[in-house]
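Analysis of the macromolecular model
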Amino acid sequence: MEIDDQIIFTDNSRLVIESLAQAGADVFIGYPITPANLLYSYASERFPIFLAAPDEITTLQWMTGFSSTSRIPVTATSFPGFALMIESINMAYMMELPMIIILVQRLGPSTGTATIGSQGDISILNGIISGGMAIPTFCVGDSIDCWEISAKAVETAVNLRTPVIILTSKEEMMTMADVDCTKLKKIEQIKRNYFESDDTYVPYKPESNLVPQFLPINNNKHQVRITSSTHNTKGIIQNSTHEALFNSKRLHNKMIKNQNAFCLFDYNEAKKSETLLISYGITSLAAKEAIESLREIGKHVSLLIVKTLFPIPKIIFECVINHKNVIVAEENLTGQYRQILFGANSSKNISGVNEFGRMITPNEIINEVLKYEQ
Amino acid sequence: MSNKYLLEEKLPFCKGCGHSLIAMGIDKSLQELNCSPFDVIIVTDIGCHGIVDKCFTTHTIHGLHGRSVALAAGISMSLENPNKKIIVFIGDGGATIGMQHILDAAHNNFNMTVIVHNNMLYGMTGGQQSEFTPLGFKTPTLKEGADHSGYDICEMASSAGANYVSRILTNMEMYKTFTEAITNNGFSLVEVLELCPSYGVKSNPGMKLINIANEAGIPIKLYYNKMREPFKLAVKNAPKPLINEKLFIQPKRNHKLTKPISILISGSAGEGVQTAAELFTQAAIKSGLHATKKSSYPVTVGIGFSSAEIILSPKNILFTGSSCPDFAIVTSNDGLDYSLAILKKAESGQLIIDSSLAIPETKMKILKNGFRSKFTNKFAALFSLAFFLESSEIFPKKVFVEVCSESKLAAKINLEELFELNSVKN
Ligand SMILES: Cc1ncc(C[n+]2csc(CCOP(=O)(O)OP(=O)(O)O)c2C)c(N)n1
Ligand code: SF4
């Protein structure tokens, strides 16, 4: 083992908050909920502005207000709070205002068990925007992810003018581990660009990347209209004019057009392997361990760890094509991401490793792989 | 009237709707105040009143049903600029679903002006009753009339702490009240009573607004015009990074592990389990090991069991779960209850247990010691880990002592004595 001077013993919540702050997020608004409370308490020390909101709807509304004045707000919650936020996330999405929402998954349904992790909120994220538009959704696995992806989330939120979700779970946010800080890359603070011309500002007129230029609602030079109802480029409510529908569709299209800028994954193709193992988040660590153990017994299997869950990365299907069998390992009852990728009617060459209420072990993944790779 | 803040197009409301008078009143008030349209931010709710934003030349932001006050609160807090006039248009419907935001904004005294367009029903959705519909008032879905009285938002906002509160009827003089409200540097609420010609008037023919107000016991009056300091946003100047040298552990390879092990320690809340486990893990890292630690305890953190799972490994740890620990350390009855099932399942490994406890069903090898009796209960966990280290020799005891003496524990107990006691194995 390399022995280094900069080892710290920490949970990943610390890394997420520090990374977000270094990347330029400056407001944290929260309502307490386990297992997101560590994020809340680190943020109370680290963010220049920290506010305790009276509930999660207020949290998102305050965040949107702050965002409209050009700040970059962050919150952290778990399903019960997230459910309350959904209408307001749609609002911020339609208004095209950047912000970060960290969803720390716990065991559902409902209030479920606050102190048990889960990967049970994937389906809901796939359909969170009414209309089916994609919202950038990152998923972290290890400490390096927490560090790099949090900063990436800020960049994505600002550059695409959108709320961004960081998906994680109790295990990633609360387990303490040794982290080598020399492996944490330097983070540059995001530079924001504003509309600078003397021409009339048209708030929802897209640039060539389909993202409109931004101006804060308190600027003294141009009128700013921000709207969450269906609207034209001027931000004026319209029922279903061509221009307004184009604008709503653009919200999805801008994500797809710029997808490569925030599509994160780790792909290790094993030569001649017929089996592809796909995983994400906490289960990806068990998957990595399974792959290492399999290698030791001479079984070489490809591994794809998905770190941007939505919009669905094209790379997944490019990897799938090269394999006969696909296994998706995720800690939920029904194989939510597997169903999103391959449909409810899984074929015999597509299977899942699933668990409810506890972590998936490397052995369970190994056993599934061995069904294909005898 | 020169329309400086309102565009010269027809307002989008039904003929005779009070919402038009309010929009014109705001326009006139802003003229009186003579501020730049870009110093005004109009925040509109969902409802008939909310579709007016396209007619204003100011900044406008149009959000969700009932949430406009919370949205405006975010803007107000962020700007903290008395020159920026934040004006919220909300209906009695929005005020019903979003009441908490109004009380919260009044309570915090956020600098903004909220105009409650109270036409006593939901205009946009077809005239259903709201919680502002007064006793006896009829609507298309409430033909017999409301069977209970409506909210008195002015009383509520006043007691929540609003700076300025007033209730008025729609008329041409409204702008004077608006000006007072807007110039108050804090939370202002004006409730404007109106009748919706399309639903309210039709359902209650001949009814007069003033009579409705009188019968409902909601006076037309100024409630408050005080000068309490508005909300002040606390901004930290250069907050300290969460990763700093103080956290750096300088590891020196000094351990005997060749493969990963997992340790479960369970005891009682208040007996230092988490602190001890954390210091122990830190000492392991200092000895060149990789380590993870998770904790489990009931939601009521101060009572019941408290348990920690530790993994130590000579190489990087990926999977942090463990079904069966290699070592289980149990220091109290709560801890024993918590770990019974795990111990029963265990096929091998070692159980280190306080001598006062009943020996559970397990295939683990058992080692007993008086962690509770030899030292105080409060440090039973620390004592047990020191004992475990002594017996297992995974890494040097002195590193654990070092880490403990650099911690807050050093001031609380005599560490030397604690670690010394351990040397006498039994
Ligand atoms: C969360 C939510 N629930 C319901 C609605 C439907 N809705 C639209 S406007 C409205 C009521 C509007 O009444 P009010 O606020 O009094 O305004 P008015 O139309 O009378 O001006 C309702 C219930 C909605 N937009 N959002
Ligand atoms: S329905 Fe009623 S509240 Fe709505 S615009 Fe018409 S008159 Fe006004």
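First things first, this report covers the structure right here in the doc. In this text, all values refer to a predicted model and were calculated from it rather than measured experimentally.

This part takes up the overall build of chain A. When you go through chain A residue by residue, the secondary structure sums to twelve helices and 15 strands. The C-alpha atoms of chain A give 21 Å as radius of gyration, which agrees with the globular expectation for 374 residues (21 Å, within 12%). Structurally, chain A occupies a C-alpha span of about 70 × 50 × 40 Å along its principal axes. Within chain A, the fraction of its 374 residues that count as buried is 62%. Of the accessible surface of chain A, which amounts to about 13800 Å², a share of 49% is contributed by carbon and sulfur atoms. Between the mean site of the 32 positive side-chain charges and the mean site of the 39 negative ones, chain A shows a separation of 7 Å.

Within strand 11 (residues 275–279) of chain A, five of the five residues are buried, leaving the element largely enclosed by the surrounding structure. In strand 11 of chain A, alternate side chains face the same way, and those of Thr-275, Leu-277 and Ser-279 of chain A on one face and Leu-276 and Ile-278 of chain A on the other are all buried.

The next thing to look at is the site of ligand 1. Of all residues adjacent to ligand 1, which total 17 residues, the nearest are His-19, Cys-48, Gly-93, Gly-123 and Met-124 of chain B. Close to ligand 1, residues of chains A and B are found. Measuring from an oxygen atom of ligand 1, one finds a backbone N or O atom of Gly-94 of chain B at 3.0 Å. Separating an oxygen atom of ligand 1 from a backbone N or O atom of Met-124 of chain B is a distance of 2.9 Å.

A separate point is the packing of aromatic side chains. All told, the structure shown has 22 aromatic pairs over all chains when counted by the stated rule. Measuring from ring centre to ring centre gives 5.4 Å for Tyr-280 of chain A and Tyr-337 of chain A, while their planes differ by 75 degrees; the resulting arrangement is edge-to-face. Of the two residues, Tyr-280 of chain A sits in the loop between strand 11 and helix 9 (281–296) while Tyr-337 of chain A sits in helix 11 (residues 336–342), which places them 57 residues apart along the sequence. On the basis of relative accessibility, which here comes to 0%, the residue Tyr-280 of chain A falls in the buried class. Since its relative accessible area comes to 0%, Tyr-337 of chain A is described here as buried. Note on Phe-280 of chain B and Phe-400 of chain B: the rings are 5.5 Å apart at their centroids and 85 degrees apart in plane angle, and the pair reads as edge-to-face. Of this pair, Phe-280 of chain B sits in helix 9 (residues 273–286) while Phe-400 of chain B sits in helix 13 (residues 397–405); the two residues are 120 residues apart in sequence, bridging distant segments of the chain. Three or more aromatic residues joined by ring pairs make a cluster, and in this case those are Phe-280, Phe-327, Phe-388, Phe-395, Phe-400 and Phe-419 of chain B. Against the face of Tyr-223 of chain B rests Lys-221 of chain B, its NZ or CZ located 4.5 Å from the ring centre. Across the ring face of Tyr-224 of chain B, the terminal group of Lys-226 of chain B is positioned such that the distance to the ring centre comes to 4.2 Å.

To continue, consider the environment of Glu-229 of chain B. In this structure, Glu-229 of chain B sits in the loop between strand 9 (222–225) and strand 10 (261–268). When the C-alpha atoms of Glu-229 of chain B and Lys-10 of chain B are compared, they prove to be 39 Å apart, with 219 residues separating the residues in sequence.

A word on the side chain of Thr-156 of chain A. Residues and elements named next belong to chain A. By the element assignment, Thr-156 lies in helix 6 (residues 143–160). On the basis of relative accessibility, which here comes to 4%, the residue Thr-156 falls in the buried class. Once residues within four sequence positions are removed from consideration, Thr-156 is found in contact with Pro-136, Phe-138, Arg-161, Thr-162, Val-164 and Phe-262.

With 72 residues of chain A at the interface, the matching set in chain B holds 65 residues. Approximately 5700 Å² of surface area, both sides summed, lies buried where chain A meets chain B, with 63% of it carried by carbon and sulfur atoms. For the pair chain A and chain B, the number of links is two salt bridges. Across the pair Glu-171 of chain A and Lys-294 of chain B runs a salt bridge, and its minimum N-O distance is 2.6 Å. Across the contact surface, chain A and chain B share 33 residue pairs in polar contact (both at pLDDT 80 or more). A total of eight residues in the side of chain A that touches chain B trace back to one element, the largest contributor, which is helix 3 (residues 56–68) of chain A. Residues belonging to the side of chain A that touches chain B are distributed by class as follows: 36 nonpolar, 19 polar and 17 charged. Two strands pair when backbone bridges link them, and strand 9 (residues 225–227) of chain A and strand 2 (residues 59–62) of chain B are joined in this way by three bridges, in the parallel orientation. Looking at strand 2 of chain B, one finds that Thr-227 of chain A is bridged to His-62 of chain B.

Further remarks concern helix 5 (residues 153–160) of chain B. Residues and elements named next belong to chain B. Every buried residue belonging to helix 5 is among Ile-153, Cys-154, Ala-157, Ser-158 and Ala-160, and all of these are buried. Taken around the axis of helix 5, the buried residues stretch over an arc of 165 degrees, which confines them to a single face. The N-capping residue of helix 5, defined by a side-chain oxygen 3.2 Å from the backbone nitrogen of Cys-154, is Asp-152. Remark: Gly-161 follows helix 5 within two positions and exhibits a positive phi of approximately 120 degrees.

Moving on: the nonpolar core. Among the nonpolar cores identified, the biggest contains 140 residues, and Leu-20, Ile-100, Ile-102, Ile-278 and Tyr-337 of chain A together with Met-112 of chain B are the most heavily contacted of them. For Ile-100 of chain A, the contacting residues outside a window of four places in its chain are Leu-20, Met-63, Pro-73, Val-74, Thr-75, Ala-153, Val-154, Ala-157, Val-164 and Ile-166 of chain A.

Let us look at the site of ligand 2. Residue and element names in this part refer to chain B. Taken together, the residues surrounding ligand 2 are Phe-13, Cys-14, Cys-17, His-19, Cys-48, Asn-119, Cys-196, Pro-197, Ser-198 and Tyr-199. For the shell around ligand 2, the element with the most residues is helix 7 (residues 197–203), which contributes three residues. Partitioning the shell around ligand 2 into residue classes produces seven nonpolar, three polar and no charged.

Residue and element names in this part refer to chain A. On the basis of which strands lie adjacent, the open sheet formed by seven strands has the order 3-2-4-5-7-6-13 and mixed pairing. Edge positions in the sheet fall to strand 3 (49–52) and strand 13 (308–310), since each of these pairs with one other strand and no more. On average, each strand axis in the sheet is tilted by 25 degrees relative to the strand beside it, whichever way the strands run. Bridge analysis of strand 4 (residues 73–77) against strand 5 (residues 99–105) gives four bridges, and the strand direction is parallel. What sits directly across from Val-74, in strand 5, is Ile-100. Contacts between helix 3 and the sheet are confined to strand 2 (27–30), strand 3, strand 4 and strand 5, with strand 4 contributing the most and set at about 165 degrees to the helix.

The subject of this paragraph is the pairing of strand 4 of chain A. Residues and elements named next belong to chain A. Taken across its five residues, strand 4 has five buried, putting it largely inside the fold. Burial of the side chains of strand 4 extends over both faces: Pro-73, Thr-75 and Thr-77 are buried on one face and Val-74 and Ala-76 on the other. Handedness of the strand 4-helix 4 (residues 79–95)-strand 5 crossover: right-handed.

Residues and elements named next belong to chain B. Tracing the backbone through its elements, the reader meets Gly-304 in the loop between strand 11 (290–296) and strand 12 (305–313). In this structure Gly-304 comes out as partly exposed when scored by relative accessible area, which is 23%. Setting aside anything within four residues of it in sequence, one finds Gly-304 in contact with Gly-267, Ser-268, Ala-269, Pro-298 and Asp-334.

Conventions adopted
- Residues numbered from 1 in each chain as written.
- Chains lettered and ligands numbered in written order.
- Predicted model: local features only at pLDDT ≥ 70, side-chain atom pairs only at ≥ 80, totals over all residues.
- Heavy atoms only, no water.
- Helix = DSSP H or I, 4+ residues; strand = E, 2+ residues; numbered from the N terminus.
- Rg over C-alpha atoms; globule rule 2.2 N^0.38 Å.
- Buried < 20%, exposed > 50% of the residue type's maximum accessible area, 1.4 Å probe, protein only.
- Areas by Shrake-Rupley, 256 points an atom, 1.4 Å probe, with all protein chains shown as cover.
- Lys, Arg positive; Asp, Glu negative; His and termini not counted.
- Charge placed at Lys NZ, Arg CZ, Asp CG, Glu CD.
- Near = heavy atom within 4 Å.
- Polar contact = N/O pair within 3.5 Å; in protein donor to acceptor, adjacent residues only side chain to side chain.
- Phe/Tyr/Trp six-rings, centres within 6.5 Å; stacked < 30°, edge-to-face > 60°.
- Lys NZ or Arg CZ within 6 Å of the ring centre and 35° of its normal.
- Contact = heavy atoms within 4.5 Å.
- Buried area = accessible area lost by both parts, 1.4 Å probe.
- Salt bridge = Lys/Arg side-chain N within 4 Å of Asp/Glu carboxyl O.
- Nonpolar A, V, L, I, M, F, W, Y, C, P; charged D, E, K, R; others polar.
- Pairing = 2+ DSSP bridges.
- Arc of directions from axis to C-beta.
- Core = buried A, V, L, I, M, F, W, Y, C linked by side-chain atoms within 4.5 Å.
- Axes fitted to C-alpha atoms, helices over the stretch in contact; angles between N-to-C directions.
- Right-handed = clockwise from strand over helix to strand, strands pointing away.

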